[in-house]
Amino acid sequence: MILRRFLAVLALLVLTGCANVVKVPAGNAVVGERLTADLGKAWNQVSLPGLNAIVWTQDGITLDALQFWVGVKDNQPIAPPGEDKRALTFKASMQPHELVALMQGYYARDGSTVTLDKLEPADFGGTRGVRFEFTVLRKFDEVRLAGRGWASVRGGELFAMGFTAPRLGFFPRHADDVEAVARSVRIR
């Protein structure tokens with residue numbers, strides 16, 4: 001078990017060594033050319049190989065991650081297949097609970113356990129969508145993460161945002177800022 005954790009952490013360190021980090025300044029930001037958001041503080045955008053999401057962080061991607069899926073078209077994957085080799089493919093006909101299940105699949109693709117805690121209708125990007133809260137028991141280090149997500153479908157395309165961080169310390173530190181970002185998101 002300790003060797004497995006060591007190898008997982010080592011793999012993350014190697015991946016982050018391949019990462020490209022760009023500062024996203026406070027103020028109005030364009031996300032993936034199709035969204036805008038008002039940021040109360042600067043974020044760091046991290047580009048990692050193999051991810052279909054745009055990833056921002058405050059303290060490092062293992063400590064907090066704000067992810068965006070922008071204009072995902074019908075029958076396109078939101079991420080490469082995980083451990084179970086299932087494709088996580090968006091369908092324009094998905095109902096709100098199916099969008100949430102798709103996002104849960106994303107957070108569970110490494111074998112982590114995801115529990116849905118709350119689901120409610122909400123506006124996201126100026127479009128009626130869904131807001132949900134969830135818990136992740138991260139497989140590689142058994143850290144419990146809190147998460148929030150938002151998703152909507154506009155013009156047959158998926159627009160979604162998800163935030164995860166360890167529930168003690170990091171999640172409460174950034175939760176209000178993330179909520180403000182979610183309320184400010186507009187689809188272009």
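Look a little higher up for the structure.
Residues numbered from 1 in each chain as written. Predicted model: local features only at pLDDT ≥ 70, side-chain atom pairs only at ≥ 80, totals over all residues. Heavy atoms only, no water.

**Q** What should I look at first to understand the nonpolar core in this one?
**A** Soluble, globular proteins show a tendency: their nonpolar side chains are buried together. Ranked by size, the top nonpolar core spans 27 residues in total, and within it L35, L39, W43, W56, L66, F68 and M161 carry the most contacts. Among the elements of the structure, β2 (27–31), β3 (35–39), β5 (54–57), β6 (65–72), β11 (144–154), β12 (157–166) and α3 (170–184) are those that each provide at least two residues to this core. Considering each element in turn, this core owes the most residues, 6 residues, to α3. Not counting chain neighbours up to four residues away, the residues in contact with M161 comprise L66, Q67, F68, W69, F124, R148, G149, W150, V178, V181, A182 and V185. Formed by 23 residues, the second largest nonpolar core is a distinct cluster that contains W69, Y107, V130 and F132. (Core = buried A, V, L, I, M, F, W, Y, C linked by side-chain atoms within 4.5 Å. Buried < 20%, exposed > 50% of the residue type's maximum accessible area, 1.4 Å probe, protein only. Helix = DSSP H or I, 4+ residues; strand = E, 2+ residues; numbered from the N terminus. Contact = heavy atoms within 4.5 Å.)

**Q** Would you mind going over the packing of aromatic side chains with me for this structure?
**A** Given two aromatic rings, one states the distance between the centres and the angle between the planes to describe the pair. By the definition in use, this model includes 7 aromatic pairs. Between Y107 and F134 the ring centres are 4.9 Å apart and the planes differ by 35°, which places this aromatic pair in the tilted class. In this pair, Y107 sits in helix α2 (residues 96–108) while F134 sits in strand β10 (residues 127–137), placing the two residues 27 residues apart along the sequence. Each of the two residues, Y107 as well as F134, counts as buried. Members of the aromatic cluster, connected to one another through ring pairs, are W69, Y106, Y107, F132 and F134. (Phe/Tyr/Trp six-rings, centres within 6.5 Å; stacked < 30°, edge-to-face > 60°.)

**Q** I keep staring at unusual backbone geometry and nothing clicks. Help me out?
**A** Phi is positive for N75, close to 70°, though the residue is something other than glycine. Tracing the backbone shows N75 in the loop between β6 and β7 (77–79). Taking the relative accessible area as the measure of exposure, N75 reaches 46% and is therefore partly exposed. The residue E142 is not glycine, and still its phi comes out positive at about 60°. The topology assignment puts E142 in the loop between β10 and β11.

**Q** Looking at this structure, I do not really get the environment of D177. What am I missing?
**A** Structurally, the position occupied by D177 is in helix α3. We classify D177 as partly exposed; its relative accessible area is 29%. Of the polar contacts made by the side chain of D177, one reaches the side chain of K41; its length is 2.7 Å. (Polar contact = N/O pair within 3.5 Å; in protein donor to acceptor, adjacent residues only side chain to side chain.)

**Q** I tried to follow the side chain of H174 on my own but got confused; where do I start?
**A** Looking at the element boundaries, H174 is found in helix α3. Here H174 falls in the buried class, since its relative accessible area comes to 3%.

**Q** Where do I start with the pattern of salt bridges in this structure?
**A** When their charged atoms lie close together, side chains carrying opposite charge are able to pair. According to the stated counting rule, one finds 12 salt bridges in the structure shown. A salt bridge links R131 to E133, with the nearest nitrogen and oxygen atoms 2.8 Å apart. The class of E133 is partly exposed, set by a relative accessible area of 21%. Taken together, the shared-partner salt bridges connect K118, E120, R131, E133, R148 and E179 into one network. (Salt bridge = Lys/Arg side-chain N within 4 Å of Asp/Glu carboxyl O.)

Note that all results are geometric; they support no functional claim without further evidence.
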